[in-house]
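# Per-entry structural report
The residues making up each chain are set out below.
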Number of protein chains: 2
Amino acid sequence: MSVNILCEKIRTLKNPTVVGLDPMLEYIPESFREGVLAQYGNSLEGATQAVLAYNKALIDALYDIVPAVKPQSAYYERLGWQGVKVLYETVEYAKKRGMYVILDGKRNDIGSTASAYATAYLGTVDVGGTVCEPFGADALTVSPYLGSDGVAPFVKLCEENKRMIFVLVKTSNKSSGELQDLICGDMPIYERMGNYVSEWGKSLCGKDGYSEVGAVVGATYPQQLAELRAKFPSVFFLVPGYGAQGGTAKDIAGAFDKNGLGAIINSSRKILCAWKEAKTDDFADAARKEAIRMRDEIMSAI
Amino acid sequence: MSVNILCEKIRTLKNPTVVGLDPMLEYIPESFREGVLAQYGNSLEGATQAVLAYNKALIDALYDIVPAVKPQSAYYERLGWQGVKVLYETVEYAKKRGMYVILDGKRNDIGSTASAYATAYLGTVDVGGTVCEPFGADALTVSPYLGSDGVAPFVKLCEENKRMIFVLVKTSNKSSGELQDLICGDMPIYERMGNYVSEWGKSLCGKDGYSEVGAVVGATYPQQLAELRAKFPSVFFLVPGYGAQGGTAKDIAGAFDKNGLGAIINSSRKILCAWKEAKTDDFADAARKEAIRMRDEIMSAI
C-alpha cells in the first residue's frame, strides 16, 4: 500500500517532512537562471528548462535526507504545456531518486470527470493496447466541494493502484474559515469533512493504522490540527503552512500520534529560497541545510 | 469586458449554449481514431493527435452556430503533458474560429498559488522581457472550498485582463448536497457561496448587468437554479447537467432573466457522441445537428 511506503520512508530517514517544489523563476538564482535562458531563449521553453534543471539539483541535494517532494501543479501550469511537461519530468526524476511524490493539484469534479483526473495522476491509460502512465504520482491532493461521488473515483484508484489522496479538510490560509469553520448542525464543516475522509478510507488501512485517504490540515491552525488528530486516528495528515506561512514546530506537534507518525509537514519557499537568506548562489546546498534544520527542529518538537 | 463579449456572442447567434469538449478516445469513431493512431502510434502522442483532429473538426462544424466551447481539463490531463499541449492547441483553434473559451479546470488554492493558476489560464508570464500567454482562455471555472483569499487572485485577473471566472455554487452531481445543501445559520451553503460570488463581482459589471464573476449551477437542480437566479441578478450562470446528465430544457428555463440572458447551458456527451445515436461515423455533422436541436429546444423554452 502507498501509505505503508510513505510511513516506511519517513521512518527510515527519521524525517516527517516534504519539500514543496513550487518553482517561481525568481526563486532561481539569477546566475543559474540566466545561463539556461541564454541557451533556450526568453520563452516558456527557456523558463521551463531553467525550472527542470533547478528541480533536479534540489532533488539531488535532498533525496537522501527528505522522504518526499510535493510539486504544486499551479507553478508548472503557469508556464503552459511546456511547464506541465517539466512537471512530468520532475515527478519521474524524483521517483528515480526514491522520493515519494505528492502531486498538489487539488483536483475535483463530478464522478465521470473526477475519474479522468484520477487516471491522469494515479492511474494508467490504455491506447490501442499500449499502457501509458500520464503522470505517475504516488499521491494527489483533492478538493471536496462536490461531495462523495466526486471523490469516489480517486478513492477507487487508491485501492486499485495502491496510491494515496489527501483531501482538503482545514486549509492553512487566512480565509479558510469562511466555509470550513461554519457550524452546521453540531459541528464545523472541517470536522464533517474529517468524518467523510475517515469513512472513505476505512477499508484502505495500512499496517500503521493509517489509510490511503489522508487529509490536508494547515499548520496555521494548531488547535484544529490537534483536535482532528485526536478524532481521526486513521487519517494521515499532509500539513502545509509551516515556515514561510508562519506555522512553527510547536504548532505542528499536535499533528502526530504517540509514535511520532501520522503527518508529513511541508515547507516550500523557506527551502527553495534558503539561498537568499544564506546570501549564496548555491541554492542546492542552502536548501539541504534548511531541510536538515527543519527536520531537526520538528523531530525535537514531537 | 469579457462578460460583454460572451453576451454579445450569445445574442448574435441567438444561442445560449456551450459545447463541452471532453474527449474520451471512445467518443471518437473508430474509423477516424484508427487512422490517426496508425500514423502516430499507440501512444499518448497518438491519442492526443486523434483528440486534436477530432476537436478541430467539431469546432469547424459548430463555430457559426454555437458561441462557446468548454474544454474540460481532466480529459486532456488524462493524456499526460501531451494532452495538455493539445488542450492549449484546442483553445487556440477555438479562439481563431471566434469562439468564447471557458476552460473547465475547477482550480483552487491559497492566495499565492491561486495567483499562479490565474496567470496560467487568464494571464501572461514575463520571461526575461518576453510576454508569453500560457493558455489564454476567456474564462476559467474555480472551486471555492478555501474561501475569499483563494478566489481573490482570479478576480484580480478578471479585472486586469478582462476575463471571467465561474465559481462552483451548486453543482450538478448527485452528492452535491452533502456539503452544498447544509444549512449554516439561516441559509444553505450554496446560497452563502452565491452571496460571496455576487460580492466578489460587484465592481466588475458589464453592460447587461452581469459581472465577470459567474457561478456554476447545475441543470439537475431546477428549483435552486431559479431561486439563485432571482436572488443574484448580477451573476451569470454556467449550467452543466443538461442532456446526458438528465437536465431538460424545462429545468433550465429558470436560469434566464426576462430578456433571455444570464446563463449559458452546457452539453458535452450528447453532442460529442451524437454520431452514435445517429448511427453514422460523420461525428461533426451529427454534432452540428444535435447542437441545432439543443439550441432550438432551449430557445423555445425560455
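Read on for a plain summary of the structure. Bear in mind the structure is a predicted one, so any value in this text is a computation, not a measurement. (Residues numbered from 1 in each chain as written. Chains lettered and ligands numbered in written order. Predicted model: local features only at pLDDT ≥ 70, side-chain atom pairs only at ≥ 80, totals over all residues. Heavy atoms only, no water.)

The helix and strand inventory of chain A stands at 14 helices and twelve strands. In terms of overall dimensions, chain A is globule-like: its C-alpha atoms have a radius of gyration of 19 Å, near the 19 Å expected for 302 residues. By principal-axis analysis of the C-alpha atoms, chain A measures approximately 60 × 55 × 35 Å. Classification of the 302 residues of chain A by burial places 64% in the buried group. Within chain A, residue pairs in contact and separated by at least 24 positions form 72% of the contacts whose partners lie at least 6 positions apart. Summing over all exposed atoms, chain A offers an accessible surface of approximately 10200 Å²; the carbon and sulfur share of this is 50%. The centroid of the 33 positive side-chain charges in chain A is displaced by 3 Å from the centroid of its 36 negative side-chain charges. (Helix = DSSP H or I, 4+ residues; strand = E, 2+ residues; numbered from the N terminus. Rg over C-alpha atoms; globule rule 2.2 N^0.38 Å. Buried < 20%, exposed > 50% of the residue type's maximum accessible area, 1.4 Å probe, protein only. Contact = heavy atoms within 4.5 Å. Areas by Shrake-Rupley, 256 points an atom, 1.4 Å probe, with all protein chains shown as cover. Lys, Arg positive; Asp, Glu negative; His and termini not counted. Charge placed at Lys NZ, Arg CZ, Asp CG, Glu CD.)

Of the transformation superimposing chain A on chain B, the axial component is 0.0 Å and the angular component is 180°, with the fit at an RMSD of 0.0 Å. Expressed as a symmetry operation, the mapping of one chain copy onto the other fits a two-fold axis. The rotation axis passes nearest to the C-alpha of C184 of chain A in chain A, at a distance of 2.5 Å. When you check the interface residues of chain A against chain B, 100% turn up at the interface there too, and the contact is symmetric in its surfaces. (Least-squares fit on C-alpha atoms with pLDDT ≥ 70 in both.)

Residue and element names in this part refer to chain B. Note that K9 resides in helix α1 (residues 2-13). Note: C-alpha distance between K9 and V19 (ten residues apart in sequence) is 14 Å. Setting aside chain neighbours within four positions, we find K9 in contact with P67, G98, M99 and Y100.

With that settled, consider the state of the cysteines. Within the structure shown, the criterion is met by one disulfide over all chains. Bridging C184 of chain A to C184 of chain B, the disulfide has an S-S length of 2.1 Å. Here the residue C184 of chain A occupies a position in strand β8 (residues 183-184), and C184 of chain B occupies one in strand β8 (residues 183-184), the pair thus bridging two chains. By the burial criterion, C184 of chain A is buried, and C184 of chain B matches it. (Disulfide = S-S within 2.5 Å.)

Moving on, we come to the interface of chain A and chain B. Of the residues lining the interface, 69 residues belong to chain A; the matching set on chain B comes to 69 residues. When residues of chain A are sorted by the area they lose upon contact with chain B, R78, W81 and Y145 of chain A head the list and together hold 15% of the total. The interface formed by chain A and chain B contains four salt bridges. For the interface between chain A and chain B, the tally reads 40 residue pairs in polar contact (both at pLDDT 80 or more). Here the side of chain A that touches chain B gets seven residues from one element, more than from any other, and that element is helix α6 (residues 111-122) of chain A. (Buried area = accessible area lost by both parts, 1.4 Å probe. Salt bridge = Lys/Arg side-chain N within 4 Å of Asp/Glu carboxyl O. Polar contact = N/O pair within 3.5 Å; in protein donor to acceptor, adjacent residues only side chain to side chain.)

Once that is clear, we can look at the pairing of strand β10 (residues 213-217) of chain B. Residue and element names in this part refer to chain B. Burial analysis of β10 places five of its five residues in the buried class, which makes it a mostly covered element. The two faces of β10 match: V213, A215 and V217 on one face and G214 and V216 on the other face are all buried. Both strand β7 (residues 164-170) and β10 contribute to a ladder of five bridges, which runs parallel. Residue pairing for β10: K170 is matched across the bridge by V217. (Pairing = 2+ DSSP bridges.)

Moving on, we come to helix α14 (residues 283-301) of chain B. Note: α-helices contain 3.6 residues per turn, so residues at a spacing of three or four share the same orientation. With 19 residues, α14 of chain B should reach 27 Å at 1.5 Å per residue; the first-to-last C-alpha distance of 27 Å fits that figure. For α14 of chain B, every residue scored as buried is listed here: F283, A284, A286, A287, E290, A291, M294, R295 and I298 of chain B. (Expected span 1.5 Å × (residues − 1).)

This paragraph deals with the packing of aromatic side chains. The final tally for this structure, using the stated rule, is twelve aromatic pairs over all chains. Ring plane angle 85° and centroid distance 5.5 Å describe the contact between Y210 of chain B and F236 of chain B, whose orientation is recorded as edge-to-face. Residue Y210 of chain B is found in the loop between α9 (189-200) and β10, and its partner F236 of chain B is found in the loop between α10 (222-231) and β11 (237-239); the two are separated by 26 residues along the sequence. A single burial state applies to Y210 of chain B and to F236 of chain B, both of which are buried. The ring of W81 of chain A has K85 of chain B lying over it, and the distance from NZ or CZ to the ring centre is 5.2 Å. (Phe/Tyr/Trp six-rings, centres within 6.5 Å; stacked < 30°, edge-to-face > 60°. Lys NZ or Arg CZ within 6 Å of the ring centre and 35° of its normal.)

To continue, consider the pairing of strand β2 (residues 68-71) of chain B. All names here are of chain B. Here β2 shows a buried face lined by A68 and K70 and a second buried face lined by V69 and P71. As defined by bridge partners, strand β1 (residues 17-21) adjoins β2 across four bridges and the pair is classed as parallel. Its bridge partner lying in β2, V19 is registered against V69. Here two bridges tie β2 to strand β3 (residues 100-107), and the two strands are oriented parallel to one another. Bridge pairing links V69 to V101 in β3.

Let us now look at the sheet that holds strand β6 (residues 139-142) of chain A. Residue and element names in this part refer to chain A. Judged by pairing direction, the barrel is parallel, and its eight strands sit side by side in the order β1-β2-β3-β6-β7-β10-β11-β12 before closing back on the first. Each adjacent strand pair in this sheet contributes to an overall mean axis angle of 30°, direction not counted. Its contacts with the sheet put helix α5 (residues 80-96) on β1 (17-21), β2 (68-71) and β3 (100-107), and the angle it makes with β3 is roughly 150°. (Axes fitted to C-alpha atoms, helices over the stretch in contact; angles between N-to-C directions.)

So, about unusual backbone geometry. One non-glycine residue, K279 of chain A, adopts positive backbone phi at about 50°. Structurally, K279 of chain A can be placed in the loop between α13 (274-277) and α14 (283-301). The phi angle at K14 of chain B is positive, at roughly 50°, despite the residue not being glycine. Here K14 of chain B is to be found in the loop between α1 and β1.

Here we come to the packing of α5 of chain A against helix α5 (residues 80-96) of chain B. Two elements in contact, α5 of chain A and α5 of chain B, have axes separated by 9 Å at closest approach and are oriented at 170°. It follows that α5 of chain A is roughly antiparallel to α5 of chain B by the angle criterion. Facing W81, V84, K85 and Y88 of chain A of α5 of chain A, the residues of α5 of chain B in contact are W81, V84, K85 and Y88 of chain B. Each residue belonging to the contact of α5 of chain A with α5 of chain B can be placed in one class, and the counts come to six nonpolar, no polar and two charged. (Parallel < 35°, antiparallel > 145°, perpendicular 65-115°, else oblique. Nonpolar A, V, L, I, M, F, W, Y, C, P; charged D, E, K, R; others polar.)

For the rest of this paragraph, the subject is α10 of chain B. All names here are of chain B. Of all the positions in α10, only Q224, L225, L228 and R229 are classed as buried. The buried side chains of α10 occupy one side of the element, clustering within an arc of 135° when seen end-on. With respect to the buried face of α10, the exposed residues turned more than 90 degrees away are Q223 and A230. Of the surrounding elements, those touching the buried residues of α10 are β7, α9, β10, β11 and α11 (249-252). (Arc of directions from axis to C-beta.)

Within a sheet, neighbouring strands are paired by backbone hydrogen bonds and run either parallel or antiparallel to one another. Residue and element names in this part refer to chain B. Pairing is parallel in the closed barrel, where eight strands are placed in the order β1-β2-β3-β6-β7-β10-β11-β12. Each neighbouring strand pair of the sheet contributes to a mean axis angle of 30°, computed without reference to strand direction. Relative to the sheet, α9 contacts β7 and β10, its axis offset from that of β7 by approximately 165°. On top of the sheet, α14 reaches β1 and β12 (263-267); it is set at about 145° to β12, its chief contact.

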